[in-house]
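Geometric and topological summary
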Protein chains: 2
Amino acid sequence: MPAASAPDTLGGIGETATLGRILPRLPQADAALVGPGDDAAVMRAPDGRYVVTTDTMVHGPDFRLAWSSPFDLGWKAAATNLSDVAAMGAVPTALVVALVAPAHTPVADLEQLADGLREACGVLAPGCGVVGGDLSVSETFTIAVTAFGDLQDRAPVLRSGARPGDVVAVAGRLGLAATGLRLLFADGVDADGVPDATIARSLSEAHPAELGAQLAPVPPIRLGPVAARAGATAMLDVSDGLAIDARRIAAASGVALDLDTTAVAGVAGEGVDPRVALSGGEDHALLATFPAEGALPEGFVPIGRVAAGAGLLVDGRAFDGRGGWDPYADWDGGVG
Amino acid sequence: MPAASAPDTLGGIGETATLGRILPRLPQADAALVGPGDDAAVMRAPDGRYVVTTDTMVHGPDFRLAWSSPFDLGWKAAATNLSDVAAMGAVPTALVVALVAPAHTPVADLEQLADGLREACGVLAPGCGVVGGDLSVSETFTIAVTAFGDLQDRAPVLRSGARPGDVVAVAGRLGLAATGLRLLFADGVDADGVPDATIARSLSEAHPAELGAQLAPVPPIRLGPVAARAGATAMLDVSDGLAIDARRIAAASGVALDLDTTAVAGVAGEGVDPRVALSGGEDHALLATFPAEGALPEGFVPIGRVAAGAGLLVDGRAFDGRGGWDPYADWDGGVG
């Protein structure tokens with residue numbers, strides 16, 4: 001009987017063989033005229049425009065392998081980029097993925113990461129596929145995704161279109177992802193404060209909504225184009241926290257956003273401290289403004305009003321509270 | 001008199017302030033309808049299609065900060081991606097740049113990197129600009145660029161269109177970049193074998209063509225669309241070495257490529273060993289096949305013929321020699 005062999009690693013079998021195992025697991029894009037395998041892909045842009053956004057996840061500040069499964073990583077890398085496309089009012093069409101991993105990374109992990117990319121596209125944005133990528137070796141596990149979308153002949157929904165009198169509304173739940181991260185930092189570590197996979201698994205069973213929102217978020221991608229069709233005047237993806245992102249719409253539009261505490265508490269995740277709903281990052285909810293006269297589209301809940309002025313108000317008073325995640329201020333450089 | 005202060009670093013001034021210093025240095029894209037600053041950019045695709053490619057440079061396997069200036073890094077990250085766009089026969093229109101750097105990185109270095117991106121676009125692909133990006137902190141300096149192009153109503157030039165009888169031709173010089181890398185590994189290090197900036201500077205003065213080709217290549221971007229207009233049947237960017245990349249065209253097209261040693265020596269860089277011209281990576285020359293009946297377009301030099309069969313021949317005989325750069329096999333994991 002042969003001895004159990006060590007698992008294949010990226011460094012052990014090399015780039016070409018690893019790609020041969022990853023590529024068949026990736027989703028194909030309906031809008032690809034030429035897919036992966038040449039110097040570049042060729043994509044359809046039916047209305048003569050395309051939307052493009054990029055976002056990177058770095059081991060350490062953005063994720064820990066002790067907490068995220070490879071499947072979660074692939075899912076989250078896709079979901080967060082798809083959310084930026086949706087926030088323009090566009091339908092996601094494709095991703096390219098630059099994957100940079102240590103040589104000792106098991107190929108099975110990269111296969112599961114590919115599965116996460118595929119499942120996220122399939123669930124959140126059917127028809128969206130991976131049309132290109134790059135695989136490199138590095139001491140720091142890093143995933144850089146660039147995502148594309150189709151505006152379907154509509155104008156993009158920018159941050160700059162909010163007008164006094166508009167309704168401020170949210171699709172998605174707020175504060176769960178930040179609560180999940182706090183739980184992981186507080187309780188997902190061993191006695192020395194090092195992130196621990198076994199402890200995190202039990203934590204995940206005890207708090208599935210919070211850890212799920214943090215590790216494998218399900219943003220309301222489909223509702224981005226829905227909001228655009230309903231006449232949204234401004235929209236963004238709430239990635240750095242409601243307070244920070246509401247200020248961004250206010251600044252870009254030259255208006256004030258006035259949020260209602262009770263309404264914000266109403267869109268907070270179950271059991272989430274309303275202050276965390278206001279400050280917590282990585283929600284990947286959609287924050288949008290709509291004309292006051294119309295009905296809000298499905299999935300959007302009113303949380304405030306656009307007013308003349310500048311900056312963020314909460315219950316009519318200027319709100320200076322910090323919110324959100326700054327990798328420079330917030331990352332402690334810890335291991336795990 | 002105040003003491004000289006320490007230079008600003010990415011970690012010291014944070015992401016927002018660093019972006020404020022980088023963004024004004026980046027080139028604008030003529031084809032951008034919505035540029036950086038929203039959830040996503042919106043790009044024009046005049047013929048209803050766009051070309052997309054991505055390539056990553058990682059500190060260690062792909063570059064050493066002791067050898068490359070930050071300007072060189074920005075230049076090379078742009079140039080290598082522009083080359084993949086050109087190899088489809090497309091005109092480069094835009095880049096998005098995911099930059100991941102250690103917290104101690106001087107902001108001045110990132111400004112110079114932005115200058116390198118700008119100058120490469122300006123020189124190699126006027127009108128091409130940076131339409132989005134991401135800045136993150138990591139222990140490993142990494143630059144992931146995604147590039148876009150416009151096919152201008154032409155069919156893309158794939159790897160798969162070469163036909164027996166076609167002429168094989170190259171635009172650009174071969175072997176200089178690999179020679180430059182060998183010089184750096186042999187002589188650009190201190191007594192302990194660690195890459196050394198001062199030694200590399202003198203080496204660069206002694207061998208400007210070789211080190212220039214390695215550290216800040218000038219691919220013939222403009223000639224990609226020229227080749228497409230001239231009826232190129234197949235084309236790619238010679239990034240992994242002529243032998244490897246010629247085999248790729250052969251495999252994709254179901255033909256053999258037969259290269260002529262004397263002709264290959266004629267397109268080798270000055271003073272380059274002809275064997276290195278065949279095997280060396282990172283040339284970013286354009287390798288293309290053209291119908292035998294027409295004249296070759298400007299800048300392309302014949303180096304062989306397409307034949308029935310499979311694989312790579314040199315002077316009519318099967319060539320099994322290895323060529324090119326595999327980061328898993330070739331990177332020694334050394335420091336510097």
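Use the structure listed above.
A brief structural summary. The residue count restarts for each chain, going from 1 along the sequence in the order it is written. To read the labels, note that chains go from A and ligands from 1, taken in the order they are written. Totals for whole chains, interfaces and linings use all residues, but because this is a predicted model, local features are given only for residues with pLDDT of at least 70 and pairs of side-chain atoms are given and counted only at 80 or more.

Before going further, it helps to spend a moment on the overall build of chain A. A tally of helices and strands in chain A yields 11 helices and 13 strands. Between the two quantities, the radius of gyration covers C-alpha atoms and the globule rule is 2.2 Å times the number of residues to the power 0.38. At 21 Å, chain A has a C-alpha radius of gyration in line with the 20 Å of a compact globule built from 336 residues. Each principal axis of the C-alpha atoms in chain A carries an extent, and together these give about 75 × 55 × 30 Å. Sorting the 336 residues of chain A into buried and exposed places 60% on the buried side. Considering only contacts in chain A between residues 6 or more positions apart, those separated by 24 or more positions represent 87%. Put simply, DSSP H or I for four residues or longer makes a helix, DSSP E for two residues or longer makes a strand, and each gets a number counted from the N terminus. We call a residue exposed when 12 or fewer other C-beta atoms sit within 10 Å of its C-beta, buried when the count reaches 20 or more, and partly exposed for counts in between; the C-beta positions come from the backbone. A pair of residues counts as a contact when their C-beta atoms, built from backbone coordinates, are separated by no more than 7 Å.

Residue and element names in this part refer to chain B. Here the axes come from fitting lines to C-alpha atoms, over the contacting stretch only for helices, and the angles between their N-to-C directions go from 0 to 180 degrees. One can describe the packing of helix α4 (residues 176-187) onto helix α6 (residues 208-215) by two numbers: an axis separation of 7 Å at closest approach and a directional angle of 100°. The angle between α4 and α6 falls in the class roughly perpendicular. In this structure, α4 contributes Leu 176, Ala 177, Thr 179, Gly 180, Leu 181, Leu 183 and Leu 184 to the contact, and α6 contributes Ala 209, Glu 210, Leu 211, Ala 213 and Gln 214. Looking at the contact of α4 with α6, its residues break down into 8 nonpolar, 3 polar and 1 charged. For classification purposes, an angle smaller than 35 degrees is called roughly parallel, one larger than 145 roughly antiparallel, one from 65 to 115 roughly perpendicular, and anything else oblique. We call Asp, Glu, Lys and Arg charged. Ala, Val, Leu, Ile, Met, Phe, Trp, Tyr, Cys and Pro are nonpolar, and the rest, Gly among them, are polar.

Quick look at the sheet that holds strand β11 (residues 301-307) of chain B now. Adjacent strands of a sheet form backbone hydrogen bonds with each other and so pair up, either parallel or antiparallel. Residues and elements named next belong to chain B. Only strands joined by at least two bridges in the DSSP assignment are considered to pair. Strand order across the open sheet formed by 7 strands is β8-β10-β7-β11-β9-β12-β13, with mixed pairing between neighbours. Every other strand in the sheet has two partners, leaving β8 (234-238) and β13 (317-318) as the edge strands with one partner each. Bridging between strand β9 (residues 256-259) and strand β12 (residues 311-314) involves 4 bridges; their strand directions are parallel. From the neighbouring strand, Asp 258 faces β12, where its bridge partner is Leu 313. Its contacts with the sheet put helix α8 (residues 242-253) on β8, β9, β10 (285-290) and β12, and the angle it makes with β8 is roughly 155°.

Another point: helix α2 (residues 70-86) of chain B. For α2 of chain B, which comprises 17 residues, the first-to-last C-alpha distance of 24 Å matches the rise-based estimate of 24 Å (1.5 Å per residue) to within 8%. In terms of burial, α2 of chain B is a largely internal element, 17 of the 17 residues being buried. Here the expected length of a helix is defined as 1.5 Å per residue gap, with one fewer gap than residues.

Our focus in this paragraph is the pairing of β11 of chain B. Residues and elements named next belong to chain B. Relative to β11, strand β7 (residues 167-171) runs antiparallel, the two being bridged by 4 bridges. Residue pairing for β11: Ala 169 is matched across the bridge by Pro 302. Strand direction decides the pairing type here: β9 and β11, joined by 4 bridges, are antiparallel. Of the residues in β11, the one forming a bridge with Ala 256 is Ala 307.

On to the interface of chain A and chain B. For an interface, size is often stated in terms of accessible area lost upon the parts coming together. Across the boundary between the two partners, chain A contributes 57 residues, which contact 57 residues of chain B. Here the side of chain A that touches chain B takes 9 residues from strand β3 (residues 49-58) of chain A, the largest share from any one element.

All names here are of chain B. With 5 of 5 residues buried, β7 lies mostly within the body of the structure. Across the two faces of β7 the burial is the same, with Val 167, Ala 169 and Ala 171 and Val 168 and Val 170 all buried. Judged from the 5 bridges that link them, β7 and β10 form a sheet pairing that is antiparallel. Among the inter-strand pairings, Val 170 is bridged to a residue of β10, identified as Leu 287.

All names here are of chain A. Taken in spatial order, the 7 strands line up as β8-β10-β7-β11-β9-β12-β13 in an open sheet, and their pairing is mixed. Strands with a single pairing partner mark the edges of an open sheet, and in this sheet they are β8 (234-238) and β13 (317-318). Set on the sheet, helix α8 (residues 242-253) makes contact with β8, β9 (256-259), β10 (285-290) and β12 (311-314); between it and β8 the angle comes to about 155°.

Turning to the relation of the copies chain A and chain B, a few remarks are in order. For these two chains of identical sequence, chain A goes onto chain B by a turn of 180° and a shift of 0.0 Å along the axis, with RMSD 0.0 Å. On this basis, the relationship between the two copies can be described by a two-fold rotation axis. Nearest to the rotation axis, the C-alpha of Gly 48 of chain A is located 2.3 Å from it, this being the minimum over chain A. Of the residues that chain A buries at the interface, 100% are likewise interface residues in chain B, meaning the two copies contact each other through the same surface. To line up the copies, we fit them by least squares on C-alpha atoms, keeping just the residues with pLDDT of at least 70 in both.

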